[in-house]
Protein chains: 2
Amino acid sequence: MSAKTVLIVDDEASIREMIAVALEMADYRVLEADSAQTAHAMVVDHQPDLLLLDWMMPGTSGIELARRLKRDETTAELPIILLTAKSEEDNKIQGLEAGADDYITKPFSPRELVARLKAVLRRTTPRGVEEAVEVEGLVLDPASHRVSAHGSAVEIGPTEYRLLQFFMTHQERAYTRSQLLDQVWGGNVYVEERTVDVHIRRLRKALGDTHQHLIQTVRGTGYRFSAKG
Amino acid sequence: MSAKTVLIVDDEASIREMIAVALEMADYRVLEADSAQTAHAMVVDHQPDLLLLDWMMPGTSGIELARRLKRDETTAELPIILLTAKSEEDNKIQGLEAGADDYITKPFSPRELVARLKAVLRRTTPRGVEEAVEVEGLVLDPASHRVSAHGSAVEIGPTEYRLLQFFMTHQERAYTRSQLLDQVWGGNVYVEERTVDVHIRRLRKALGDTHQHLIQTVRGTGYRFSAKG
DNA sequence: TGCTAATGTGACAGAGTTGTGACAGCAACC
DNA sequence: GGTTGCTGTCACAACTCTGTCACATTAGCA
């Protein structure tokens, strides 16, 4: 699962900082904006997955921005969490009616923030339809998260699973180690290219004699998954 | 579809009367109660399909009753619509948090009432036909709210029950902790993901050696319920 | 054939995930 | 008020996976 991007909008830099630290620790990508105007532009440009929006800000207020975003087709799906000060509690309703998906009352703990953020993302991100793939009796089923060869289970670790899934959905094409690291490990990890070899090895071993020929070495380049010789 | 039964709870007889007339014209069966206490008893005795509940009542308040009903396993499914006076608007949130499915602000038109009532019923009724599920001698029976393994009772708490029920009606599919929180705990809770692990553990323990293999760990992902290896 | 670079392979320590028992807070029920 | 049962969280234990290395083997080429 790739990292979600969160846009923090607050005019106080110290609060943004505090939130940013908490979110980065929880493995989110963070963007910041200090006014509703710049925020709107950033939403359009960077398409964040979630908006953390301060209610009270100079100029266009947070709620105003929320309302505008929810009205616009292209941004209506973007989940929004409002930050409100304790004394403004009555405004919750206005906030929710403006289309906010949740609100958090200051002061809040970083943990609470991350928890609610997760909850919002959880219920707003739709699940993709995942279909099983099959090649020569080798079946990978994303729904049950299982791999089987001619009916009997194939035991592989998470990385080998992702690797196999990538291969089975991208057959007949050679990938360099570096491309595989990008696609299977995720873009921003630093690992030796030879590590790919080791996982290829593990995957081949798990597939056994009947299926390991599907994973082919392309000398000087990388690997390829193919049913043809 | 047979006529739905609606229980009206309000201390003012005139309001009950007005609502009852509207509902009967729209082909609902109507029950009435004038206090939270009698209402509770009637819910248990008559199992209405929906509860129309006044917020302000002498004695136990409506919200108190709502909260209690939603907490109790046997009545948690019962949809509740809260009636609130205009001036109490701030309480909407408390109401929704207590588990109400909708609220209507007095004064309201009979037509509006019926419309919202239909809407609530529409989205809450498809709580599938409640049939017992059985896997390898493990039986979960929603009607009696009981679990048994090869005939002998399995004692589990409410959360473990819901978890098992979800699993048994969604077999052969891997779920992340996050998805389980959504499905079993409900979308709006802020609970640590590892809490799922603990309940899985409790459930496994309760199932005992004969059946705990049904709940499988999917490393790096979450859990799966499956009769196959 | 012999040389060289690329790939295969087994082992291992550290990192990461999951299992487990204990505990405190809470609500329900005496 | 005390008791009981349930829940969520924590800290630590147990376990699995991962990335890297060193060395073995192979393919390609002169």
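Where an unreviewed UniProt entry is consulted, chain A appears under the name Phosphate regulon transcriptional regulatory protein PhoB, with the organism given as Litchfieldella anticariensis. As stated in UniProt under Function (unreviewed entry), the record for chain A gives "This protein is a positive regulator for the phosphate regulon. Transcription of this operon is positively regulated by PhoB and PhoR when phosphate is limited."

1. As for the overall build of chain A
Broken down by element type, chain A carries 8 helices and 12 strands. The proportion of buried residues among the 229 residues of chain A is 47%. For chain A, the share of sequence-separated contacts (at least 6 apart) that also reach a separation of at least 24 residues comes to 53%. Carbon and sulfur atoms form 48% of the exposed surface of chain A, whose accessible area is close to 12100 Å².

2. Quick look at the protein's contact with DNA strand D
Inspection of the region around DNA strand D gives 23 residues, with Arg111, Thr159 and Arg202 of chain A together with Thr159 and Arg202 of chain B positioned closest. Protein-proximal atoms of DNA strand D, defined as those within 4 Å of the protein, fall in sugar or phosphate at a share of 69%. Within the side chain of threonine 159 of chain B, an N or O atom sits 2.3 Å from a phosphate oxygen of DNA strand D. A distance of 2.8 Å separates a phosphate oxygen of DNA strand D from a polar atom in the side chain of histidine 199 of chain B. Considering only residue class, the surface near DNA strand D consists of 8 nonpolar, 6 polar and 9 charged.

3. Structural notes on the protein's contact with DNA strand C
Lining the immediate surroundings of DNA strand C are 27 residues, of which Arg201 and Tyr223 of chain A together with Arg71, Arg201 and Tyr223 of chain B lie closest. Among atoms of DNA strand C positioned within 4 Å of the protein, sugar and phosphate together represent 65%. At a separation of 2.7 Å, a base nitrogen of DNA strand C approaches a polar side-chain atom of arginine 194 of chain B. At a separation of 3.2 Å, a base oxygen of DNA strand C approaches a polar side-chain atom of arginine 219 of chain B. Residue classes in the surface near DNA strand C are distributed as 4 nonpolar, 6 polar and 17 charged.

4. Thoughts on the packing of aromatic side chains
Taken as a whole and judged by the stated rule, the model has 6 aromatic pairs over all chains. Between phenylalanine 166 of chain B and tyrosine 175 of chain B the ring centres are 4.9 Å apart and the planes differ by 65°, which places this aromatic pair in the edge-to-face class. Summarising the burial analysis for this pair, phenylalanine 166 of chain B and tyrosine 175 of chain B share the class buried. Each member of the aromatic cluster is reached from another via a ring pair, and the members are Phe166, Phe167, Tyr175 and Phe225 of chain A.

5. Considerations on helix H7 (residues 177-185) of chain B
Residues and elements named next belong to chain B. Most of H7 is tucked away, with 7 of its 9 residues classed as buried. Residues Ser178, Gln179, Leu180, Leu181, Asp182, Val184 and Trp185 constitute the buried set of H7. Positive phi shows up at glycine 186, right after H7, with a value of about 100°.

6. Things to note about the pattern of salt bridges
All names here are of chain A. Inspection of every chain in the model, using the stated rule, returns 7 salt bridges over all chains. A salt bridge links arginine 16 to glutamate 32, with the nearest nitrogen and oxygen atoms 2.9 Å apart. Taken together, the residues arginine 16 in helix H1 (residues 13-25) and glutamate 32 in strand E2 (residues 29-33) connect sequence positions 16 residues apart. One salt bridge in this structure joins arginine 177 and aspartate 197, with 2.7 Å as the shortest N-O distance. With a gap of 20 residues between them, arginine 177 in helix H7 (residues 177-185) and aspartate 197 in helix H8 (residues 194-211) connect regions that are remote in the sequence.

7. Notes on the pairing of strand E1 (residues 5-9) of chain A
All names here are of chain A. Across the 5 residues of E1, 5 count as buried, placing the element largely inside the fold. After leaving E1, the chain enters H1 and then returns to the sheet as E2, a path that is right-handed. Bridge count between E1 and strand E3 (residues 50-54): 4 bridges; the pairing is parallel. Note on E3: the bridge partner recorded for valine 6 is leucine 50.

8. Observations concerning the UniProt feature "modified residue: 4-aspartylphosphate" (unreviewed entry) in chain A
All names here are of chain A. Look at the UniProt record and you will see "modified residue: 4-aspartylphosphate" (unreviewed entry) annotated at Asp54. You can see aspartate 54 is positioned in strand E3. When its relative accessible area of 5% is taken as the criterion, aspartate 54 is described as buried.

9. Quick word on the sheet that holds strand E10 (residues 174-176) of chain A
Residue and element names in this part refer to chain A. With antiparallel pairing, the 3 strands of this open sheet are ordered in space as E10-E12-E11. The outermost strands of the open sheet, each flanked by one partner alone, are E10 and strand E11 (215-218). On average, each strand axis in the sheet is tilted by 30° relative to the strand beside it, whichever way the strands run. On the sheet, helix H6 (residues 158-169) packs against E10 and strand E12 (222-225) and is oriented at approximately 65° with respect to E12. Lying on the sheet, H7 is in contact with E10 and E12; it crosses E10 at an angle near 90°.

Rules used throughout
Residues numbered from 1 in each chain as written. Chains lettered and ligands numbered in written order. Predicted model: local features only at pLDDT ≥ 70, side-chain atom pairs only at ≥ 80, totals over all residues. Heavy atoms only, no water. UniProt positions renumbered as here; feature names shortened; annotations may be inferred. Helix = DSSP H or I, 4+ residues; strand = E, 2+ residues; numbered from the N terminus. Buried < 20%, exposed > 50% of the residue type's maximum accessible area, 1.4 Å probe, protein only. Contact = heavy atoms within 4.5 Å. Areas by Shrake-Rupley, 256 points an atom, 1.4 Å probe, with all protein chains shown as cover. Near = heavy atom within 4 Å. Polar contact = N/O pair within 3.5 Å; in protein donor to acceptor, adjacent residues only side chain to side chain. Nonpolar A, V, L, I, M, F, W, Y, C, P; charged D, E, K, R; others polar. Phe/Tyr/Trp six-rings, centres within 6.5 Å; stacked < 30°, edge-to-face > 60°. Salt bridge = Lys/Arg side-chain N within 4 Å of Asp/Glu carboxyl O. Right-handed = clockwise from strand over helix to strand, strands pointing away. Pairing = 2+ DSSP bridges. Axes fitted to C-alpha atoms, helices over the stretch in contact; angles between N-to-C directions.

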